[in-house]
Structure formats: C-alpha cells, structure tokens
Amino acid sequence: AFRGVAFAPVEVPQLIVTEINSNATGGDFWELTNVGVTTQNIGNWKWDDDSANPNDPAAVTIPAGTTIAPGESIILSLAADAATFRSFWGALTGVQIIASSAGPGLGGGDTVNLFNASGTSVLSFSYNTGGFTQSGGSPAAGGHAGISAGGTATQSAVIDPAFGYGA
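Residues numbered from 1 in each chain as written. Predicted model: local features only at pLDDT ≥ 70, side-chain atom pairs only at ≥ 80, totals over all residues. Heavy atoms only, no water.

Student: Kindly report on the pairing of strand β2 (residues 29-34), identifying the contributing residues and their values.
Tutor: For β2, a buried count of six out of six residues is recorded, marking the element as mostly surrounded by other parts of the structure. Burial along β2 is two-sided: Phe29, Glu31 and Thr33 facing one way and Trp30, Leu32 and Asn34 facing the other are all buried. Here strand β1 (residues 15-21) runs beside β2; their pairing, made up of six bridges, is antiparallel. Of the residues in β2, the one forming a bridge with isoleucine 16 is threonine 33. Where β2 and strand β7 (residues 73-77) come together, five bridges link them in antiparallel fashion. (Buried < 20%, exposed > 50% of the residue type's maximum accessible area, 1.4 Å probe, protein only. Helix = DSSP H or I, 4+ residues; strand = E, 2+ residues; numbered from the N terminus. Pairing = 2+ DSSP bridges.)

Student: If you had to explain the environment of leucine 78 to someone new, which residues and values would you point to?
Tutor: Examined against the element boundaries, leucine 78 turns out to sit in the loop between β7 and α1 (82-89). Residue class for leucine 78 comes out buried when judged on its relative accessible area of 14%. Taking the C-alpha atoms as reference, leucine 78 lies 4.9 Å from glycine 27; in sequence the two are 51 residues apart. Not counting the four nearest positions on each side in its chain, leucine 78 is found in contact with Gly27, Asp28, Trp47, Ser100, Ser101, Gly103, Pro104, Gly105 and Leu106. (Contact = heavy atoms within 4.5 Å.)

Student: Could you give an account of the packing of aromatic side chains, with specific residues and numbers?
Tutor: Overall, the coordinates contain five aromatic pairs when judged by the stated rule. Taking the centre distance of 6.1 Å and the plane angle of 25 degrees together, the rings of phenylalanine 85 and tryptophan 89 count as stacked. Here phenylalanine 85 and its partner tryptophan 89 are both found in helix α1, four residues apart, which amounts to about one turn of the helix. We classify phenylalanine 85 as buried; its relative accessible area is 2%. Assessed through its relative accessible area of 38%, tryptophan 89 is described here as partly exposed. Following the ring pairs from residue to residue traces out a cluster consisting of Phe29, Phe85 and Trp89. (Phe/Tyr/Trp six-rings, centres within 6.5 Å; stacked < 30°, edge-to-face > 60°.)

Student: Got a sec to walk through the nonpolar core? Specific residues and values, please.
Tutor: In this structure, Ile20, Trp30, Leu32 and Leu114 are the most contacted members of the largest nonpolar core, which totals 25 residues. At the level of elements, β1, β2, β7, β9 (111-115) and β10 (121-126) are the ones that each hand at least two residues to this core. Examining the composition of this core, we find that three residues originate from one element, β1, more than from any other. Setting aside its immediate chain neighbours within four residues, tryptophan 30 contacts Val17, Glu19, Ile20, Trp47, Ile74, Ile75, Leu76, Leu106, Val112 and Leu114. The next biggest cluster of nonpolar side chains, apart from the first, holds six residues, and it includes Ala24, Phe29, Ile75 and Ile97. (Core = buried A, V, L, I, M, F, W, Y, C linked by side-chain atoms within 4.5 Å.)

Student: Please set out the sheet that holds strand β5 (residues 60-61) residue by residue, giving values where relevant.
Tutor: One open sheet holds the four strands; their spatial order is β5-β4-β9-β10, and the pairing between them is antiparallel. The sheet terminates laterally at β5 and β10, the two strands that pair on one side only. Relative to β9, strand β4 (residues 46-48) runs antiparallel, the two sharing three bridges. The partner of tryptophan 47 across the bridge, within β9, is leucine 114.

Student: Outline the confidence of the model for the protein chain, supporting the account with residue identities and numerical values.
Tutor: Residues of the protein chain with pLDDT of at least 70 account for 89%, and the chain-wide mean is 88. Within the protein chain, α1 has the poorest average pLDDT of any element, 90, and strand β6 (residues 67-68) the best, 97. (pLDDT = per-residue confidence, 0-100.)

Student: Describe in detail the sheet that holds β7, supporting the description with residues and values.
Tutor: Reading across from one edge, β8-β7-β2-β1-β11 is the order of the five strands in this open sheet, with mixed pairing throughout. Only two strands of the sheet have a single neighbouring strand rather than two, namely β8 (97-99) and β11 (157-158). Pairing geometry for β1 and β11, over two bridges, is antiparallel. Bridge pairing links glutamate 19 to valine 158 in β11. In this fold α1 packs onto β1, β2, β7 and β8, with an angle of close to 115 degrees to the strand it touches most, β8. (Axes fitted to C-alpha atoms, helices over the stretch in contact; angles between N-to-C directions.)

Listed below in structure tokens is the structure:
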C-alpha cells in the first residue's frame, strides 16, 4: 500500500490539433478540434509556428467571440480569407475558417503553437523529426507535415484523436 503519496490527475486535453497541411494549395492550414464536453472560447487567443512566441509579429490573433463547441473542428488558414480557402477546398458548410495571410508560414519540420489570451501556451504540436509517433509506431519523419506523417509534401498530416496523447 502507498501511504502519503499523492498522484496528480492526468489532465485530458480539451483542444487538440487534428490536421496540419504545411504545403497546401491555397494556403497552409491546421485544424483545431474540441474533444471535450464544454464549449471553448478561444477569442483573442493567438497561434504561431515554431518561434513559440505569442508576441511574434507573425502570430495570428483569433477573433474575439470565437468559440468551438464540443466535437466541433475549426480551420486556421494562411489563405487571404475564408472565401479563398473554401474556393480550394470546397464549401465546407458549417465549418468555421479563420484565415490570415499575414500569419506565420508552416514550413518543413515546423510546429503549431496555441496561446490563450494571457499568452500562456495551451498546446504545441511539432511535426519535426521525432515530434510525434505515427499510428504505425514510427517516429515522425520531419519535413512538411504530410511527409512527416508518412505521406507526400502536399498531403495533410491527420491526427487520430483515438490514438492517444502525451502527458
């Protein structure tokens, strides 16, 4: 028996990165999904690439009032605007798209970082060499997100939320 030992509960993430395309026609993008049971207000949050700096001039501020319902995914795109993104990827009816052509470029071996309105890191996902484990058990290959996940440079890395998450 363990006496006097307390274990911190494992915190289950509410928001996870579920897709990244770092070499997309029409602008790089990533998808953020709410896997929790409560609506998440991400208004005035910021995202950046591997500089991991919410104050980086290239960091994108998410518009005030933006929320993600349980089970909902939104797209954060480096297209000029949502209409431009939709013109490349189809109507995507009902999908929120937050576009900013002034944001950071998602290049080879990069990272997506999300910060709350206070500038505190909420999540970070690297697709650099060894940045994640592919569902087949191999480490991420590095390069563009698609290559890192075992595909081609123009494909997306699609993350399976059922596969697990790090502590």
